[in-house]
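# Coordinate analysis (summary)
Residues per chain are reported as follows:
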Protein chains: 2
Amino acid sequence: MTSLPPALLASLEKALGPGGLLTDASDMAPFLTDWRSLFHGKACAVARPASTEACAEAVRLCAEHNVPVVPQGGNTSMVGGATPDETGHALVIITSRMNKVREIDPIDNTMVVEAGVTLKAAQDAATAAGLMLPLSISSEGSAEIGGVLATNAGGNNTVRYGNARELVLGLEAVLPDGQVLDVMRRLRKDNTGYALRQLFIGSEGTLGLITTAILQLQPKPKSIEAALCAVADAKGALALFSAFRNTEPSAIQAFEFMSGLSMNLVNTLIPDASLPLSEPAPAYVLVELASPREGGALRDLMEEVLGKAFEDGLVSDAVLAESETQRLAFWKLREEHAEAQKRAGASVKNDVSVPLSTIPTFIDRATAACEKLIPGIRVAPFGHIGDGNIHFNLVQPEGADGKAFLARDHEMMDTVANIVRELGGSFSAEHGVGQLKTYMMPGWRGGAELDMMRRIKGAVDPEGIMNPGKIFPAA
Amino acid sequence: MTSLPPALLASLEKALGPGGLLTDASDMAPFLTDWRSLFHGKACAVARPASTEACAEAVRLCAEHNVPVVPQGGNTSMVGGATPDETGHALVIITSRMNKVREIDPIDNTMVVEAGVTLKAAQDAATAAGLMLPLSISSEGSAEIGGVLATNAGGNNTVRYGNARELVLGLEAVLPDGQVLDVMRRLRKDNTGYALRQLFIGSEGTLGLITTAILQLQPKPKSIEAALCAVADAKGALALFSAFRNTEPSAIQAFEFMSGLSMNLVNTLIPDASLPLSEPAPAYVLVELASPREGGALRDLMEEVLGKAFEDGLVSDAVLAESETQRLAFWKLREEHAEAQKRAGASVKNDVSVPLSTIPTFIDRATAACEKLIPGIRVAPFGHIGDGNIHFNLVQPEGADGKAFLARDHEMMDTVANIVRELGGSFSAEHGVGQLKTYMMPGWRGGAELDMMRRIKGAVDPEGIMNPGKIFPAA
């Protein structure tokens, strides 16, 4: 069944204990395909270590036998970052049995958490302790901490609390030779050599496998206010963001942009969704404020900034959530854009970021370019405008042939990417490179930058056994 | 005069232009000694490039001729991080002619700044644009941005805004082979390969020379409140910090601890300093709140938290600053501790950090251990308690012989360090490793951690020409 040499198989089974090694094809299947079904790989086995020690021993054995290792968390990569290649040589190591929240400290405001804890479970544990883990992404029910950190996840609350990278104080990881790197320090100041933890976060499993982390928590908000606002365009949305930021930046927990076209798809195609404004607008903003304090100050802040924005003509209409139910209904209007676009036909996704100040230019130029490329195309951008991160999605023209539309996906992606690049943006704001986007690295991150990345990879993993084929294009 | 080969001398002079290369001993002297006068080095010349291109060409020439390069900013290292060794082989490159604030963007809230701009000049430029660069250290009048980033400076506002690392969006650096690494992206989300910028920050010039940076700015505070509080001990100070943090964490701009003994030295030995409280206390806290909003909400917050702290017995006395003059007087009481200790005789400095929750234990244990080691020793800790960062300074017994006291400095430092280490702390919270503390690296950061640092250093700088002798102990 497995291509593993018998001696290695026996050693791995011993290291991983009962139930720790899957070699049966049907047992392995769920771990060999990414959740978007873009990639279908093979593996010699799937390892399920229950401890750092078992994981380290498995990696050491792999290094000894020159067997590639593919780390996998909740298998929610958007870019095939955790799927092995088709050779069947690799051992996939999944972290789901390392799933303890070890400790929450209410003075340090820290949480010690193993790699296989889902982001949702970590959030819940923080909440139960009266604190907040301020990292939220749509796959949080499945995504595990190890993968969340390996990909430097972003999401809705980056505007306030930063990406995953900014939330990690300490880290433990298994290196490609099986050594355990222990930088599990819960220190806010520690200038003693290179920032290895920062390097690991976002390295997509190519330097080692994250096994444990210390996360920085925040006090739990005691008041929260949300408003859905009608604005004229991205320029208006950005001006509204500046108005909130210049008044009280630390109150802004989320600031989301939705194009009128995309919102109209949600309103039309999602059964329970209904726009609470009197009439459709060219664009929308969902702003959420939060405070660790009780009382009406947050409501006053929301009304003050929106009132001024009305006067200045930035906002033409707005509804404030009057209940938790209504707040969640606003979020449903935001969360259903991907689903609504799916129901509207074939679509192409661009997870891009640009400097905040260039967002209106970006949306105007990219919209015009795409509409010129494919007449009738439905340009449906939405996303985290407070971070300069737009999901610039493109939906097929109504009634057009979906397959013919998708056949031109590279034309559309390149059209958008060229504009992003001219504006100093990134071709992957949140999703990473994985295996889907390795081909873009030489053009976008080439020269000294890719050279330095390759040097580091070569130094830490000279045999190239950790997550081969990810981030780096074939040389 | 110079040991430079004539061909290299000519090439460097051509690359650096008029006034760009100093070879006269008296011209070079200011750059060959650290400001604490702990280290006295030699150099073949001192280069003053006026642009990234000139700097890159100088480094390329050095690499070609195997001449070591020592980057130096404002020469304010506490650990000899920018001073060459005694061989005289190295070229010191100073960044002071690369001193332009190139751009401030009030929508992105970003600043593009060259390496040789002093931190103070950068702060002032941000302020003039109605914004704030929230990084403040005591050497900010001399320290330059390149060095500030190379050492990941911390300071008084880390508790609110993070260390230098958290404030940098983009970076440009000259690599050891003369290539220019350009990661000058002003993006809050960009997951496209390794976090090279994060790796560079804090690498103390051992991977290359930082030439330009994009910094994240903040709205300028419009209201500010400061209070000087008497507390019973570090435990009380920490409880007061928790009280503020759990009420409104984003309002805390600084939270500083001062031991009664150290404050008494300030009060006694610094002419203009006078304690505004009715009687001396066992320990003090200086808390500063700031808000981008005008109005009395911040004062209300200060009074609310302090009022509750009085009731809970955490604070026995407190004075709120009634004017900017009084606020600055409070800060003078905080800033003069080093000077007062100097006037009290010989002293030993320990810039350490521990997990927040262990601060009271650390101070209690370290105080007892030092008092046992040297009866009559004056234990005078103060520092950034909100970050877990204590300057655990030790002043000679009154009337004792200063030299005899200092002869035992390693005993005292080891006594403190052992306790720091047991509590999971760091031997260098802010100051870095430089050449002063390289000997501590194997014991504290050894095994897989130091091994990985060495691998990265070897990969990026295989000839070892960038800032030799810093961070890494001789192998």
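The shown structure was predicted, so the numbers you read here are calculated from the model rather than taken from an experiment. (Residues numbered from 1 in each chain as written. Chains lettered and ligands numbered in written order. Predicted model: local features only at pLDDT ≥ 70, side-chain atom pairs only at ≥ 80, totals over all residues. Heavy atoms only, no water.)

## Some words on the packing of aromatic side chains
Taken as a whole and judged by the stated rule, the model has 10 aromatic pairs over all chains. Arranged with centres 5.5 Å apart and planes meeting at 80°, the rings of F472 of chain A and Y194 of chain B form a pair that is edge-to-face. Here Y194 of chain B lies in the loop between strand 9 (180–183) and helix 7 (196–200) and F472 of chain A lies in the segment after helix 17 (448–460), a pairing that spans two chains. Both residues of the pair, F472 of chain A and Y194 of chain B, belong to the buried class. Considering the side-chain rings of F241 of chain B and F255 of chain B, the 5.1 Å spacing of their centres and the 65° angle between planes classify their relative orientation as edge-to-face. With a gap of 14 residues between them, F241 of chain B in helix 8 (residues 234–247) and F255 of chain B in strand 13 (residues 252–259) connect regions that are remote in the sequence. Each member of the pair F241 of chain B and F255 of chain B is classed as buried. A connected cluster of aromatic rings, assembled from ring pairs, spans F241, F244 and F255 of chain A. (Phe/Tyr/Trp six-rings, centres within 6.5 Å; stacked < 30°, edge-to-face > 60°. Helix = DSSP H or I, 4+ residues; strand = E, 2+ residues; numbered from the N terminus. Buried < 20%, exposed > 50% of the residue type's maximum accessible area, 1.4 Å probe, protein only.)

## Considering the relation of the copies chain A and chain B
For the match of chain A to chain B, the screw axis carries a shift of 0.0 Å, the RMSD comes to 0.0 Å, and the turn is 180°. Considering both components of the superposition, the chain copies are consistent with a two-fold axis. Mapped onto chain B, 100% of the interface residues of chain A again fall at the interface, so both copies present the same surface. (Least-squares fit on C-alpha atoms with pLDDT ≥ 70 in both. Contact = heavy atoms within 4.5 Å.)

## As for the environment of P5 of chain B
All names here are of chain B. Relative to the helices and strands, P5 is located in the segment before helix 1 (6–16). Residue classification places P5 among the partly exposed positions, given a relative accessible area of 38%. As a C-alpha pair, P5 and H65 span 60 residues in sequence and 9.0 Å in three-dimensional space.

## So, the UniProt feature "domain: FAD-binding PCMH-type" (unreviewed entry) in chain A
The UniProt entry lists residues 39–220 of chain A under the feature "domain: FAD-binding PCMH-type" (unreviewed entry), expressed in the numbering used here. What you have in residues 39–220 of chain A is 21% helix and 24% strand, and the ends, taken at the C-alpha atoms, are 39 Å apart. (UniProt positions renumbered as here; feature names shortened; annotations may be inferred.)

## So, the sheet that holds strand 9 of chain B
All names here are of chain B. As summarised here, the arrangement of the 5 strands in space is 5-6-10-8-9, forming an open sheet in which the pairing is antiparallel. Every other strand in the sheet has two partners, leaving strand 5 (101–105) and strand 9 as the edge strands with one partner each. For this sheet, the mean inter-axis angle between neighbouring strands, taken without regard to orientation, is 10°. Relative to strand 8 (residues 168–174), helix 3 (residues 52–64) is tilted by about 45°, and along the sheet it contacts strand 5, strand 8, strand 9 and strand 10 (209–216). (Pairing = 2+ DSSP bridges. Axes fitted to C-alpha atoms, helices over the stretch in contact; angles between N-to-C directions.)

## Quick word on the pattern of salt bridges
Counted under the stated rule, the structure contains 54 salt bridges over all chains. The partner of E422 of chain A in a salt bridge is R365 of chain A, and the shortest N-O contact between them spans 2.8 Å. You can see E422 of chain A sitting in helix 15 (residues 409–422) and its partner R365 of chain A sitting in helix 13 (residues 359–373), a full 57 residues away along the chain. We note a salt bridge from E336 of chain B to K332 of chain B, for which the minimum N-O separation is 2.9 Å. Residue classification places E336 of chain B among the buried positions, given a relative accessible area of 17%. You can call K332 of chain B partly exposed: its relative accessible area is 28%. (Salt bridge = Lys/Arg side-chain N within 4 Å of Asp/Glu carboxyl O.)

## Here's the deal with the side chain of E248 of chain A
Inspection of the secondary structure puts E248 of chain A in the loop between helix 8 (234–247) and strand 13 (252–259). For the buried residue E248 of chain A, which engages in no salt bridge, the nearest side chain bearing the opposite charge is R293 of chain B, 4.9 Å off. Look past the residues within four positions of E248 of chain A in its chain and what remains in contact with it is L301 of chain A together with S291, P292 and R293 of chain B. (Lys, Arg positive; Asp, Glu negative; His and termini not counted.)

## Overview of helix 17 of chain A
With 13 residues, helix 17 of chain A ought to run about 18 Å at 1.5 Å a step, and its terminal C-alpha atoms sit 18 Å apart, in line with that. Taken together, the buried positions of helix 17 of chain A are A448, E449, L450, M452, M453, I456, K457, A459 and V460 of chain A. Its buried side turned inward, helix 17 of chain A meets helix 7 (196–200) and helix 16 (441–445) of chain A together with strand 9, helix 7 and helix 17 (448–460) of chain B. (Expected span 1.5 Å × (residues − 1).)

## A short note on the interface of chain A and chain B
Facing the 91 residues of chain A at the interface are 91 residues of chain B. By the criterion of area lost to chain B, the three top residues of chain A are K189, N191 and Y194 of chain A, representing 15% of everything that side buries. Where chain A touches chain B, the interface holds 14 salt bridges. For the pair chain A and chain B, the interface holds 59 residue pairs in polar contact (both at pLDDT 80 or more). For the side of chain A that touches chain B, the secondary-structure elements that each account for two or more residues are helix 6 (158–161), strand 9 (180–183), helix 7, helix 8, helix 10 (297–311), helix 16 and helix 17 of chain A. With 10 residues, helix 17 of chain A is the single largest residue contributor to the side of chain A that touches chain B. Class assignment of the residues belonging to the side of chain A that touches chain B gives a composition of 35 nonpolar, 32 polar and 24 charged. (Buried area = accessible area lost by both parts, 1.4 Å probe. Polar contact = N/O pair within 3.5 Å; in protein donor to acceptor, adjacent residues only side chain to side chain. Nonpolar A, V, L, I, M, F, W, Y, C, P; charged D, E, K, R; others polar.)

## As for the packing of helix 13 (residues 359–373) of chain B against helix 15 (residues 409–422) of chain B
For any two helices packed against each other, one specifies the crossing angle of their axes together with the interaxial distance. Residue and element names in this part refer to chain B. At a minimum axis distance of 10 Å, the contact between helix 13 and helix 15 shows a crossing angle of 155°. With respect to their mutual orientation, helix 13 and helix 15 come out roughly antiparallel. The element helix 13 and its partner helix 15 pack so that their crossing is right-handed. Each of F362, R365, A366, A369, C370 and L373 in helix 13 lies in contact with helix 15, whose residues at this interface are E411, M412, T415, V416, I419, V420 and E422. Broken down by class, the residue content of the contact of helix 13 with helix 15 amounts to 9 nonpolar, 1 polar and 3 charged. (Parallel < 35°, antiparallel > 145°, perpendicular 65-115°, else oblique. Left-handed = near helix turned anticlockwise from the far one by under 90°.)

## Looking at the pairing of strand 9 of chain B
Residue and element names in this part refer to chain B. By the alternation rule, side chains of strand 9 split into L181 and V183, which are all buried, and V180 and D182, of which none is buried. Two strands pair when backbone bridges link them, and strand 8 and strand 9 are joined in this way by 4 bridges, in the antiparallel orientation. For A173, the partnering residue across the bridge sits in strand 9 and is L181. Once strand 8 ends, the chain turns through 5 residues before running back antiparallel as strand 9, passing G178 with a positive phi of about 95°.

## Considering the nonpolar core
Ranked by size, the top nonpolar core spans 198 residues in total, and within it F362 and I456 of chain A together with F362 and I456 of chain B carry the most contacts. Ignoring anything within four residues of it in the chain, the contact list for I456 of chain B reads Y194, L196, L199, I456, A459 and V460 of chain A together with L199 and L207 of chain B. (Core = buried A, V, L, I, M, F, W, Y, C linked by side-chain atoms within 4.5 Å.)

## Points about unusual backbone geometry
Positioned with a positive phi, N467 of chain A is a non-glycine residue whose angle comes to about 45°. Mapped onto the elements, N467 of chain A comes out in the segment after helix 17. Of note, the phi angle at N152 of chain B is positive, near 50°, even though the residue is not glycine. Mapped onto the elements of the fold, N152 of chain B is located in the loop between helix 5 (145–150) and helix 6 (158–161).

## What about the pairing of strand 12 (residues 223–231) of chain B?
All names here are of chain B. The buried fraction of strand 12 amounts to 8 of the 9 residues, a majority that puts the element mostly inside the structure. Note that strand 12 and strand 14 (residues 283–291) share 9 bridges and pair antiparallel. Following the sheet pairing, L228 is matched in strand 14 by L286. Alignment of strand 12 against strand 15 (residues 315–320), held across 5 bridges, turns out to be antiparallel. Bridged to A230 within strand 15 is D317.

## So, the sheet that holds strand 2 (residues 45–47) of chain B
Strand order in this open sheet of 4 strands is 1-2-4-3 (chain B), and the pairing throughout is mixed. Both outer strands of the open sheet, strand 1 (21–22) and strand 3 (69–72) of chain B, are each paired with one neighbouring strand and no more.

## Quick notes on the packing of helix 8 of chain A against helix 10 of chain A
Residues and elements named next belong to chain A. Two numbers describe how helix 8 lies on helix 10: the axes approach to 10 Å, and their chain directions differ by 135°. Relative to helix 10, the element helix 8 lies oblique. Regarding helix 8 and helix 10, the two cross each other, and that crossing is right-handed. In contact with L240, A243, F244 and T247 of helix 8, helix 10 contributes L301, M302, E304, V305, L306 and A309. The residue inventory of the contact of helix 8 with helix 10, partitioned by class, reads 8 nonpolar, 1 polar and 1 charged.

## Topic: the side chain of E140 of chain A
Residues and elements named next belong to chain A. Tracing the chain through its elements places E140 in the loop between strand 7 (131–132) and helix 5 (145–150). No salt bridge is formed by the buried E140. Its closest oppositely charged neighbour is K120, at 6.2 Å. Residues contacting E140, with those up to four places away along its chain left out, are T118, L119, K120, Q123 and L135.

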